[in-house]
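# Coordinate inspection notes
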Amino acid sequence: MTAHLGRTGLANLEGHTDFDITWPWTRPEGLRPGTTAVLRVKDEAPSLPFVLPPLLRACDHVLVVDNGSTDGTPEVVRETAQRHGYADRLTLTSYPFAVARAGAEHLAVHELSVHSLSYFYNWCFAQVGTRYSWKWDGDMVLTTEGEVSIADLGWQVGDVQTIVRVPRHPLFLASDSLGYLDLGLRNAEEWGFPIGPDFVYTKAFEWEIRTTPEDVRSIGLPFGLCVELKYLDGDEFAHWTDPESFATSWRNKRKRREWEVFNALREGTVPQGVVRIEAPVGTHIVDHVTHEWLPRAPRPLDVGPQRR
């Protein structure tokens, strides 16, 4: 199911030549040293004021690709970067095509279609001009320690073929002052990748997957560096074709845990491994968890069993 990789890029099936992919390492100017965080976002306006500032400080560049937001996400992106004095590190662009949801919908779409997850990801990362990239989500917030770690890694991995695994912990938000941090889930996905022909996206069963050489070096960051925001009053699984499939595939164990915790908390039950955290008056729960609670938690952080 692997797409044919041309020497200089990929053409989409629909003939949208403005959205054909040109591999950045084939451009005359080549790649410059540094790191770029790549965010593919849709309706992430509530999260981005927390997500963007530490990334803008830690990375040489941040690329935000908006995929049809209707909640003012692009305006929030621009305003946040300007307010923190990092507008020069931001590139905001858009991808105007509906992208297949993970699961059965994704599986049914040809990977050279502009509607394919793998084509979408390849297009996004083809906009990167640095030698290293971070695959970042629009709801992932670095802690104080995480920001320092990502910044330090920027000069260490730029010229080395290294993949970095970044642990993250779901933070379920009940209000601006109350949250539930899931430490019962051990999750450390690969988020840092070099930019080059050995690290492109192809189609897997439920989602896209980045190809990697067998002998590439892989390092993992410690737990407690990043949280993933989940809103108990929102639809956290809208990007999946059918969330009930979490219970039928061994590949979806991590999503199954998120589904179980999300629904238990909405019903008033706090599952094992989930910590209730209340922020002090005047402090937002996200700031409290990322700047105070997690950085001060005893190390090594007590995290549950690994799930995939």
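A quick note: this is a predicted structure, and the numbers were derived from the prediction, not measured.

Okay, the overall build of the protein chain next. Looking only at helices and strands, the protein chain features 7 helices and 16 strands. Taking 2.2 N^0.38 as the reference for a compact globule, 308 residues should give roughly 19 Å; the C-alpha atoms of the protein chain span a radius of gyration of 19 Å, in line with that estimate. The C-alpha extent of the protein chain, read off along each of the three principal axes, is 55 × 45 × 40 Å. A buried classification covers 53% of the 308 residues belonging to the protein chain. Residue pairs at least 24 apart in sequence account for 75% of intrachain contacts in the protein chain once pairs closer than 6 positions are excluded.

With that settled, the discussion passes to helix α5 (residues 144-156). Taking 1.5 Å per residue as the helical rise, α5 with its 13 residues ought to reach 18 Å, and the 19 Å between its terminal C-alpha atoms agrees with that figure. For α5, the complete set of buried residues consists of Gly146, Glu147, Ile150, Leu153 and Gly154. With its buried residues spanning 135 degrees around the axis, α5 presents them on a single face. Summarising the contacts, the buried residues of α5 are in contact with β3 (32-41), α1 (48-58), β6 (130-137), β7 (140-142), β8 (162-167) and β14 (217-220).

We now examine the state of the cysteines. Two cysteines whose sulfur atoms are joined by a covalent bond form what is called a disulfide. As enumerated under the stated definition, the model contains 0 disulfides in all. Between cysteine 59, a free cysteine, and cysteine 226, which holds the nearest cysteine sulfur, the sulfur-to-sulfur gap is 12 Å. Using a relative accessible area of 2% as the deciding quantity, one classes cysteine 59 as buried. We note that cysteine 124 lacks a disulfide partner, and the nearest cysteine sulfur, in cysteine 59, lies 16 Å from it.

What follows covers the sheet that holds strand β15 (residues 226-231). To summarise the sheet geometry, strands pair through backbone hydrogen bonds and adopt either a parallel or an antiparallel arrangement. Strand order across the open sheet formed by 5 strands is β7-β15-β9-β10-β16, with mixed pairing between neighbours. At either end of the open sheet lies a strand with only one pairing partner, and these are β7 and β16 (274-278). Averaged over all pairs of adjacent strands, the angle between strand axes in this sheet comes to 30 degrees, irrespective of strand direction. Pairing analysis gives 3 bridges linking β7 to β15, with the strands arranged antiparallel.

This next bit is on the sheet that holds strand β5 (residues 90-94). Reading across the sheet, the 7 strands line up as β5-β4-β3-β6-β11-β8-β14 and stay open at both edges, with mixed pairing between neighbours. Only two strands of the sheet have a single partner each, and these edge strands are β5 and β14. The mean inter-strand angle of the sheet, taken between neighbouring strand axes irrespective of direction, is 25 degrees. Pairing geometry for β3 and strand β4 (residues 61-66), over 6 bridges, is parallel. Considered in β4, the bridge of leucine 39 is made with valine 64. Running over the sheet, helix α4 (residues 117-125) touches β3, β4, β5 and β6 and is turned about 140 degrees from β3.

To continue, consider the packing of α1 against helix α2 (residues 73-83). Helix packing for two helices is described by the angle between their axes and how far apart those axes are. Contact geometry of α1 with α2 gives a least axis separation of 10 Å together with a crossing angle of 45 degrees. It follows that α1 is oblique to α2 by the angle criterion. Every pair of crossing elements has a handedness; the one defined by α1 and α2 is right-handed. Taking contact as the criterion, the partners of Leu48, Pro49, Leu52, Pro53 and Leu56 in α1 are, on α2, Thr73, Val76, Val77, Thr80, Ala81 and Arg83. Each residue belonging to the contact of α1 with α2 can be placed in one class, and the counts come to 8 nonpolar, 2 polar and 1 charged.

The next thing to look at is α2. Thr73, Pro74, Val76, Val77, Thr80 and Ala81 are the residues of α2 that are buried. The arc that holds every buried residue of α2, seen down its axis, measures 160 degrees, which confines them to one face. Structurally, α2 contributes buried residues whose contacts are with β3, α1, β4 and β5. Once α2 finishes, glycine 85 follows within two positions and takes phi at roughly 80 degrees, a positive value.

The full count for this structure, using the stated rule, is 12 salt bridges. As a salt-bridge pair, arginine 276 and glutamate 278 come within 3.4 Å of each other at their nearest N and O atoms. Residues glutamate 292 and arginine 296 are paired through a salt bridge, measuring 3.0 Å at the closest nitrogen-oxygen approach. With glutamate 292 and arginine 296 both in helix α7 (residues 285-296), this residue pair falls 4 residues apart, about one helical turn. Shared partners join several salt bridges into a network, and the residues in it are Arg168, Glu189, Glu228, Lys230 and Glu258.

As for its placement among the helices and strands, aspartate 20 is situated in the loop between β1 (9-10) and β2 (21-22). Judged by its relative accessible area of 26%, aspartate 20 falls in the partly exposed class. The spacing of aspartate 20 and tryptophan 123 is 103 residues in sequence and 7.7 Å in space, taken between C-alpha atoms. Apart from residues lying up to four places away in sequence, aspartate 20 is in contact with Leu10, Ala11, Asn12, Tyr119 and Trp123. In this structure the side chain of aspartate 20 is engaged in a polar contact, spanning 3.1 Å, whose partner is the side chain of asparagine 12.

About the cut-offs
Residues numbered from 1 in each chain as written. Predicted model: local features only at pLDDT ≥ 70, side-chain atom pairs only at ≥ 80, totals over all residues. Heavy atoms only, no water. Helix = DSSP H or I, 4+ residues; strand = E, 2+ residues; numbered from the N terminus. Rg over C-alpha atoms; globule rule 2.2 N^0.38 Å. Buried < 20%, exposed > 50% of the residue type's maximum accessible area, 1.4 Å probe, protein only. Contact = heavy atoms within 4.5 Å. Expected span 1.5 Å × (residues − 1). Arc of directions from axis to C-beta. Disulfide = S-S within 2.5 Å. Pairing = 2+ DSSP bridges. Axes fitted to C-alpha atoms, helices over the stretch in contact; angles between N-to-C directions. Parallel < 35°, antiparallel > 145°, perpendicular 65-115°, else oblique. Left-handed = near helix turned anticlockwise from the far one by under 90°. Nonpolar A, V, L, I, M, F, W, Y, C, P; charged D, E, K, R; others polar. Salt bridge = Lys/Arg side-chain N within 4 Å of Asp/Glu carboxyl O. Polar contact = N/O pair within 3.5 Å; in protein donor to acceptor, adjacent residues only side chain to side chain.

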